[in-house]
Amino acid sequence: QVRLVESGGGLVQAGGSLRLSCAASGSIFSINAMGWYRQAPGKERELVANFTSAGSTNYADSVKGRFTISRNNAGNTMFLQMNSLNPEDTAVYSCNCQTILPRSYWGQGTQVTVSS
């Protein structure tokens, strides 16, 4: 089992930056993919950025050039650096991981609010 805990959300003005963190614990050796998702009010959850099982990264078109996904060397913490934020980025951001079993785990989410 894997536990994911996000942090770093908050309120920021348009044009500002935030850095989200996702700390993984438990059977982290079984993780083969991790990513960030977001869900805005009244909208479906969408992929923001992820590391695939092949080791590549993907970004939603709406965040390319503004957001950067990264992780520490131990592989137990994932980050999302968000720059040039705009009100359309307002959402609950959640981290997800897929394991080799396969199973999917979600964090509790962190609110990001961008004011205009």
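Coordinates for the structure precede this section.
Note that the structure is a prediction, hence the values are computed from the model and not measured.

> Explain the pattern of salt bridges to me, please; I cannot follow it from the model alone.
Pairing is possible between side chains that carry opposite charge, provided their charged atoms lie close to one another. The full count for this structure, using the stated rule, is four salt bridges. When the shortest N-O distance is used, the salt bridge between Glu 46 and Arg 38 registers 2.7 Å. Residue classification places Arg 38 among the buried residues on the basis of a relative accessible area of 6%. Residues joined in a network through salt bridges with shared partners are Arg 38, Glu 46, Arg 66 and Asp 89.

> Got a minute to help me understand the sheet that holds strand S8 (residues 77-82) in this structure?
Strands in a sheet are paired, the pairing made by backbone hydrogen bonds, and the direction either parallel or antiparallel. Taken in spatial order, the four strands line up as S1-S3-S8-S7 in an open sheet, and their pairing is antiparallel. Each edge of the open sheet is held by one strand with a lone partner, namely strand S1 (2-7) and strand S7 (67-71). Averaged over all pairs of adjacent strands, the angle between their axes in this sheet comes to 15°, without regard to strand direction.

> Got a minute to help me understand the nonpolar core in this structure?
Grouped burial of nonpolar side chains is what soluble globular proteins tend to show. In this structure, Leu 4, Trp 36, Leu 80, Met 82 and Tyr 93 are the most contacted members of the largest nonpolar core, which totals 29 residues. Elements that contribute at least two residues to this core include exactly S1, strand S3 (18-26), strand S4 (31-39), strand S5 (46-51), S7, S8, strand S9 (91-99) and strand S11 (110-115).

> Quick question: what am I supposed to make of the packing of aromatic side chains here?
The relative placement of two aromatic rings is captured by the distance of their centres and the angle of their planes. A complete count under the given rule lists one aromatic pair for this structure. When the centroid spacing of 5.0 Å and the interplanar angle of 65° are considered together, the rings of Tyr 37 and Trp 106 count as edge-to-face. Of this pair, Tyr 37 sits in strand S4 while Trp 106 is found in strand S10 (residues 104-106), placing the two residues 69 residues apart along the sequence. A residue is classified by how much of its surface remains accessible, and Tyr 37, at 22% relative accessible area, is partly exposed. The ring of Trp 106 carries Arg 45 above its face, with NZ or CZ at 3.7 Å from the centroid. Against the face of Phe 51 rests Arg 71, its NZ or CZ located 4.0 Å from the ring centre.

> Which parts of the structure should I look at to understand unusual backbone geometry?
Apart from glycine, the bulk of residues carry a negative phi angle, and the bulk of peptide bonds sit in the trans form. In this model, Leu 101 is joined to Pro 102 through a cis peptide bond whose omega is 0°. With respect to the helices, strands and loops of the structure, Pro 102 is situated in the loop between S9 and S10.

> How do you make sense of the side chain of Asn 50 when you look at a structure like this?
Positionally, Asn 50 belongs in strand S5. Not counting residues up to four positions away in its chain, the partners in contact with Asn 50 are Met 34, Gly 35, Ser 56, Thr 57, Asn 58 and Ile 69.

Reading guide: rules and limits
- Residues numbered from 1 in each chain as written.
- Predicted model: local features only at pLDDT ≥ 70, side-chain atom pairs only at ≥ 80, totals over all residues.
- Heavy atoms only, no water.
- Salt bridge = Lys/Arg side-chain N within 4 Å of Asp/Glu carboxyl O.
- Buried < 20%, exposed > 50% of the residue type's maximum accessible area, 1.4 Å probe, protein only.
- Pairing = 2+ DSSP bridges.
- Helix = DSSP H or I, 4+ residues; strand = E, 2+ residues; numbered from the N terminus.
- Axes fitted to C-alpha atoms, helices over the stretch in contact; angles between N-to-C directions.
- Core = buried A, V, L, I, M, F, W, Y, C linked by side-chain atoms within 4.5 Å.
- Phe/Tyr/Trp six-rings, centres within 6.5 Å; stacked < 30°, edge-to-face > 60°.
- Lys NZ or Arg CZ within 6 Å of the ring centre and 35° of its normal.
- Contact = heavy atoms within 4.5 Å.

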